[in-house]
Amino acid sequence: MTHGHAARPASTALLTDRYELTMVDAALRDGTAHRRCVFELFGRRLPGARRFGVVAGTGRLLTLLRDFRFGDEELRFLRDEKVVDAATLDFLAGYRFTGSVTGYREGELYFPGSPILTVEGTFAEAVVLETLALSVLNHDSAIATAAARMSIAAGDRPLAEMGSRRAGESSAVAAARAAYITGFGATSNLEAGRCWGIPTMGTAAHAWTLVHDTEEDAFRAQIDALGVGTTLLVDTYDIRQGVETAIRVAGTGLGGVRIDSGDLPTVAAEVRAQLDDLGATGTRITVTSDLDEYAIAALAASPVDSYGVGTSVVTGSGTPTAGMVYKLVARQDSDGGWVGVAKASTDKASKGGRKAAFRTLDAGTATSELIVVSDGFEALETASEHPDARALQVPLVIDGEPDAAYEGPDGVQAARAHHSRVREELPVRALALSRSDPAIPTVYTDAG
């Protein structure tokens with residue numbers, strides 16, 4: 001999750017499952033390790049029966065891929081644990097991904113079957129990326145999809161992510177990043193600010209009020225430190241008394257008050273009326289109590305100015321993983337020709353062949369996810385062959401080299417801007433929060 005000036009891990013190669021390396025071990029023995037292959041990362045369905053998904057984590061994955069190297073410590077562990085044999089250890093010591101990756105841009109929308117990532121390389125160099133790619137994209141895309149729904153529910157009202165204490169320490173930073181890409185405006189997490197350039201926010205918790213002899217003392221001290229533009233937490237004791245004290249101490253120019261408990265629609269209305277009666281008509285109201293997209297939608301008619309969301313956003317609002325998979329879809333045969341391959345298991349079937357993806361549009365509104373399948377590996381179609389569609393895939397890694405434009409803070413800003421643009425293509429039915437079929441159908445067609 002770090003990049004650039006931040007300290008990067010020496011290696012990300014063991015952020016994987018053991019069977020990735022045992023497959024490489026066996027493939028080196030039988031000669032299939034160097035067979036050219038195409039792997040595809042996709043979701044069979046949308047998480048939580050939602051109407052669209054959002055791709056997130058791509059920029060993080062590219063940086064992690066740069067550090068996917070087996071150093072002395074990693075090789076020593078594999079040798080001591082007898083995970084692979086000596087010949088495989090020699091292969092891993094020189095491992096570098098030299099293939100290519102194409103995929104959906106970060107922030108892009110996806111639907112069932114969308115070829116979110118296509119990884120081309122030898123079997124050995126591509127198969128070992130499965131766990132890392134899924135670990136990043138399943139987590140970040142689940143967060144991004146939930147956050148996008150919250151952003152839609154919030155409308156023009158600002159959203160802040162504040163769920164770090166409800167996630168693992170590294171997951172918290174990734175979650176803040178994913179939420180920012182899909183419409184949140186700030187995070188409470190300072191590491192996310194440092195690594196990814198996300199605006200940070202935060203003033204005081206209930207402990208601040210409780211450590212002082214009186215609520216008034218706490219408010220005076222906070223204003224002395226942060227100025228009257230700060231936001232005071234008014235629900236430690238009695239909310240009505242807290243609001244009265246806040247305005248008496250700060251004056252009618254107080255920046256904001258925060259409410260973290262109670263029946264929020266009722267409390268917000270009462271606080272707004274009280275602030276206005278006191279002359280503090282410009283003082284904003286922020287609410288932060290166990291919000292999710294449904295609670296935010298329920299507050300649409302309430303006099304709330306901004307939202308802070310914690311647990312729900314960092315856990316995907318009940319759907320903590322996107323359920324994506326990484327499957328082999330094409331390989332070279334022993335004669336050097338290409339053949340599409342697919343899994344046929346009940347309810348887990350995949351569709352073989354290399355794919356090109358387009359979003360068909362009608363007057364700027366998405367109508368379908370068009371996926372062109374090439375079983376024979378002939379040249380795939382381009383956007384020029386689909387004038388009423390937008391091509392969805394871009395080169396992410398060329399000859400083993402990730403495109404730095406998608407990494408770091410600049411990559412995050414680009415993903416945020418891209419998401420904002422493509423969300424405008426969604427049909428109106430996609431904006432509803434209820435469980436449903438995908439907002440647009442996935443349509444497969446054969447190349448040529």
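Residues numbered from 1 in each chain as written. Predicted model: local features only at pLDDT ≥ 70, side-chain atom pairs only at ≥ 80, totals over all residues. Heavy atoms only, no water.

## Digging into the overall build of the chain
Argument step 1. Counting its secondary structure elements, the chain contains 15 helices and 19 strands.
Argument step 2. Principal axes of the C-alpha set define a box for the chain whose edges measure 85 × 55 × 35 Å.
Argument step 3. Sequence separation of 24 or more characterises 75% of the internal contacts of the chain that already satisfy a separation of 6 or more.
Argument step 4. Counting only carbon and sulfur atoms, one obtains 51% of the accessible surface of the chain, whose full area is about 18800 Å².
Argument step 5. The average position of the 43 basic charges and that of the 59 acidic charges among the side chains of the chain differ by 2 Å. (Helix = DSSP H or I, 4+ residues; strand = E, 2+ residues; numbered from the N terminus. Contact = heavy atoms within 4.5 Å. Areas by Shrake-Rupley, 256 points an atom, 1.4 Å probe, with all protein chains shown as cover. Lys, Arg positive; Asp, Glu negative; His and termini not counted. Charge placed at Lys NZ, Arg CZ, Asp CG, Glu CD.)

## Brief notes about the packing of helix H1 (residues 18-30) against helix H4 (residues 86-93)
Argument step 1. Where H1 meets H4, the axes come as close as 9 Å, and the angle between the chain directions of the two elements is 110 degrees. The angle between H1 and H4 falls in the class roughly perpendicular. For the pair formed by H1 and H4, the contact residues are Leu21, Val24, Asp25 and Leu28 on the first element and Thr88, Phe91 and Leu92 on the second.
Argument step 2. For the contact of H1 with H4, the per-class residue count stands at five nonpolar, one polar and one charged. (Axes fitted to C-alpha atoms, helices over the stretch in contact; angles between N-to-C directions. Parallel < 35°, antiparallel > 145°, perpendicular 65-115°, else oblique. Nonpolar A, V, L, I, M, F, W, Y, C, P; charged D, E, K, R; others polar.)

## Quick notes on unusual backbone geometry
Argument step 1. The phi angle at Lys82 is positive, at roughly 55 degrees, despite the residue not being glycine.
Argument step 2. Within the secondary structure, Lys82 is located in the loop between helix H3 (72-80) and H4.
Argument step 3. The backbone of Asp399 shows a phi angle near 50 degrees, a positive value even though the residue is not glycine.
Argument step 4. By secondary structure assignment, the location of Asp399 is in the loop between strand S17 (393-398) and strand S18 (401-402).
Argument step 5. For Asp399, a relative accessible area of 64% gives the class exposed. (Buried < 20%, exposed > 50% of the residue type's maximum accessible area, 1.4 Å probe, protein only.)

## Some details on the confidence of the model for the chain
Argument step 1. With 95% of its residues at a pLDDT of 70 or more, the chain has an overall mean of 94.
Argument step 2. Ignoring residues within four places in sequence, the model shows residues 1-7, a span with pLDDT below 50, making 22 contacts including any to other chains. (pLDDT = per-residue confidence, 0-100.)

## As for the pattern of salt bridges
Argument step 1. Within this structure, the stated rule accounts for 21 salt bridges.
Argument step 2. Note that Glu191 is salt-bridged to Arg194, the shortest N-O span being 2.7 Å. Of this pair, Glu191 and Arg194 both sit in helix H8 (residues 190-196), three residues apart, which is roughly one turn of that helix.
Argument step 3. In this structure, Glu244 engages Arg248 in a salt bridge whose closest nitrogen and oxygen atoms are separated by 3.2 Å. Of this pair, Glu244 and Arg248 are both found in helix H11 (residues 239-250), four residues apart, which corresponds to roughly one turn of the helix.
Argument step 4. Classification of Arg248 as partly exposed rests on a relative accessible area of 43%.
Argument step 5. Where salt bridges share partners, they join Glu108, Arg359, Glu369, Arg390 and Glu425 into one cluster. (Salt bridge = Lys/Arg side-chain N within 4 Å of Asp/Glu carboxyl O.)

## Regarding the side chain of His139
Argument step 1. For His139, the position within the fold is in helix H6 (residues 130-154).
Argument step 2. Judged by relative accessible area, which is 18%, His139 ranks as buried.
Argument step 3. Polar side-chain contacts of His139 include one of 2.8 Å to the side chain of Asp140.
Argument step 4. Apart from residues lying up to four places away in sequence, His139 is in contact with Leu134, Ser171, Ala174, Ala175 and Pro320. (Polar contact = N/O pair within 3.5 Å; in protein donor to acceptor, adjacent residues only side chain to side chain.)

## Section: the layout of surface pockets
Argument step 1. Roughly 920 Å³ of volume is contained in the largest pocket.
Argument step 2. Met162, Met201, Arg258, Thr288 and Gly308 are the residues nearest the centre of the largest pocket, which is lined by 37 residues in total.
Argument step 3. Those elements that provide at least two residues to the lining of the largest pocket are strand S6 (159-161), strand S8 (231-233), strand S9 (256-259), strand S10 (284-287), strand S11 (306-309) and helix H14 (311-314).
Argument step 4. Looking at which element gives the most residues to the lining of the largest pocket, the answer is S11, with four residues.
Argument step 5. When the residues that make up the lining of the largest pocket are grouped by side-chain class, the tally is twelve nonpolar, 18 polar and seven charged. (1 Å grid on protein atoms, 1.4 Å probe; cavity = no way out; pocket = protein on both sides within 12 Å on 5 of 7 lines; lining within 4 Å. Points joined across faces, edges and corners; volume = space filled by probe spheres on them.)

## Topic: the sheet that holds strand S12 (residues 324-332)
Argument step 1. Here seven strands make up an open sheet; going across it, the order is S13-S12-S1-S5-S3-S17-S18 and the pairing antiparallel. The open sheet has two edge strands, strand S13 (338-340) and S18, and neither has a second partner.
Argument step 2. Pairing geometry for strand S3 (residues 100-104) and strand S5 (residues 117-122), over four bridges, is antiparallel. If you follow Thr102 over to S5, its bridge partner there is Thr118.
Argument step 3. The strands touched by helix H2 (residues 58-66) are S3, S5, S17 and S18; relative to S17, the strand with the most contacts, the crossing angle is about 15 degrees.
Argument step 4. Sheet strands in contact with H6 are strand S1 (36-43), S5 and S12, and its direction is about 140 degrees off that of S12. (Pairing = 2+ DSSP bridges.)

## Concerning empty space enclosed by the protein
Argument step 1. Following the criterion strictly, the structure yields two cavities of 30 Å³ or more and no others.
Argument step 2. Taken together, Leu61, Leu62, Leu65, Val101, Leu117, Val119, Leu129, Leu132, Ala133, Tyr326 and Val397 make up the lining of the largest cavity.
Argument step 3. Going through the elements one at a time, H2, S5 and H6 are the ones with two or more residues in the lining of the largest cavity.
Argument step 4. By residue number, the principal contributor to the lining of the largest cavity is H2, which donates three residues.
Argument step 5. Among the residues forming the lining of the largest cavity, the class breakdown is eleven nonpolar, no polar and no charged.

## A closer look at the sheet that holds strand S7 (residues 186-187)
Argument step 1. Ordered in space as S7-S6-S11-S10-S9-S8, the six strands form an open sheet in which the pairing is parallel. The open sheet is flanked by S7 and S8, the only strands paired with a single partner.
Argument step 2. Taken together, the three bridges between S8 and S9 define a ladder with parallel strand orientation. Along S9, the bridge assignment pairs Leu233 with Arg258.

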